[in-house]
Amino acid sequence: MSIKAKIMNWVKALILPVGVWAIFSIITGGRFATTTAVLSALRTAVVPIILGMTLAFGMQMNMWNFAAGAILYACAIFGAYFADLTGSGIPGLCVFSILTGVVLCAAMGILYRILRVPCLVLSLGMVMVIEALPNIFVPGANGKIGLLDGYLGSSPYCYIILAVMFAIFYFINSCTTLGANMRAIGANIKIADSAGIDIDRTKFISFLLSGVFLGVAGIVYMSANVSVTAVTGIASVSIIFDGIMGVFLALVLSRWINFSASVLIGTFTIRLLSSGLVACGFSSEVRGILTGVFLFAVITFSANANVPQQMREKKRIAAEADMEFSSAKQG
């Protein structure tokens, strides 16, 4: 692909976030056009972007992990709790949060392999189990760190963490056999199996990777909030919606640019949209409706983008057939 074509593809991919930013900048009379507003949206997008990358590992293989939000809460709370018990501070938070994520996701991977049920079904059941763990084992079901210890959730540390995790995500997806195997499984699992790909091994590794990413998301989430209380009743699922919608947008944008970069841009666009709606003063209910309409419109446009071209092609073929028929009739 030529450099000009690559530049045009990136321009097409960036139209979406730039368009969202421009529209809300006009609606808010320039208040959303400031650097502060954009940086604020980017800072609040760090955790959703990491969640989007986490969910993308499974969604590439048509696996939906609705337990990701519950695991994030568990990572944040258990990480802070054990760090406090051991007096290990922020290093302890990091170690115990990632360890919690890996253990819980490994358990899910083992159950997935043993039970042979769809990941969607398994994850919905595991949401309630994992949500209950902090309530059972952590006093007050609350994880807390010192106010001055929350620096990993603020600039520039949160951006450095995001950059490191994105580099890992990009390398896995674009430069490793594992990434190619995940794409192959998502495209056609039967053909992937016939080609010799170890389906169970690939999926289990994706669970472990998800655990690492969720552990890091838990670190940033706890650092940004300082105090996190466990939730119940599948309330943790709401935290992953931005990540899911970001991956949906990524599937659209990946027509022009790398899928890994698409996840980053797609999730940031969703957060930019949410921040813009807040700046406009809309209620949470209206924001949810408008976000859903936006996602629906983008995916619908993408799914039907080739329809005009297909219609023109059909008309051309029909015209050529008519000409040939007329010529044969005259002959």
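For the structure, see preceding data.
What you are looking at is a predicted structure, and each value in this text was computed from that prediction instead of being measured.

*Asks:* Could you give me a rundown of empty space enclosed by the protein, with the residues and numbers involved?
*Replies:* Summed over all chains, the structure comprises three cavities of 30 Å³ or more. Taken as a whole, the largest cavity holds about 100 Å³ of empty space. Around the largest cavity, the lining residues are Thr54, Leu55, Phe57, Gly58, Met59, Met63, Trp64, Asn65, Cys119, Ser206, Phe207 and Ser210. Secondary-structure elements contributing two or more residues to the lining of the largest cavity are helix H3 (46-59) and helix H10 (199-225). Ranked by residue count, the leading element in the lining of the largest cavity is H3, at five residues. Of the residues assigned to the lining of the largest cavity, the class counts are seven nonpolar, five polar and no charged. Of the pockets and cavities examined, the second largest cavity occupies roughly 40 Å³. Looking at the second largest cavity, the residues that line it are Gly109, Tyr112, Arg113, Asp200, Lys203, Phe204 and Phe207. Only helix H5 (89-115) and H10 provide two or more residues apiece to the lining of the second largest cavity.

*Asks:* So what's going on with the layout of surface pockets? Residues and values would help.
*Replies:* Approximately 280 Å³ is the volume attributed to the largest pocket. The wall of the largest pocket is formed by 14 residues, among which Thr44, Val47, Pro48, Tyr221 and Asn225 lie closest to the centre. Of all the secondary structure elements, the ones that give two or more residues to the lining of the largest pocket are helix H2 (35-44), H3 and H10. For the lining of the largest pocket, the element with the highest residue contribution is H10, accounting for four residues.

*Asks:* Could you give an account of the packing of helix H7 (residues 157-175) against H10, with specific residues and numbers?
*Replies:* For the pair H7 and H10, the least separation of the axes is 11 Å and the interaxial angle reads 170°. Considered as vectors, H7 and H10 are oriented roughly antiparallel to each other. Together, Ile161, Met165, Ile168, Phe169 and Ile172 of H7 and Leu209, Phe213, Val216 and Val220 of H10 make up the contact between the two elements. In terms of residue class, the contact of H7 with H10 is made up of nine nonpolar, no polar and no charged.

What counts, and where the lines are drawn
Residues numbered from 1 in each chain as written. Predicted model: local features only at pLDDT ≥ 70, side-chain atom pairs only at ≥ 80, totals over all residues. Heavy atoms only, no water. 1 Å grid on protein atoms, 1.4 Å probe; cavity = no way out; pocket = protein on both sides within 12 Å on 5 of 7 lines; lining within 4 Å. Points joined across faces, edges and corners; volume = space filled by probe spheres on them. Helix = DSSP H or I, 4+ residues; strand = E, 2+ residues; numbered from the N terminus. Nonpolar A, V, L, I, M, F, W, Y, C, P; charged D, E, K, R; others polar. Axes fitted to C-alpha atoms, helices over the stretch in contact; angles between N-to-C directions. Parallel < 35°, antiparallel > 145°, perpendicular 65-115°, else oblique. Contact = heavy atoms within 4.5 Å.

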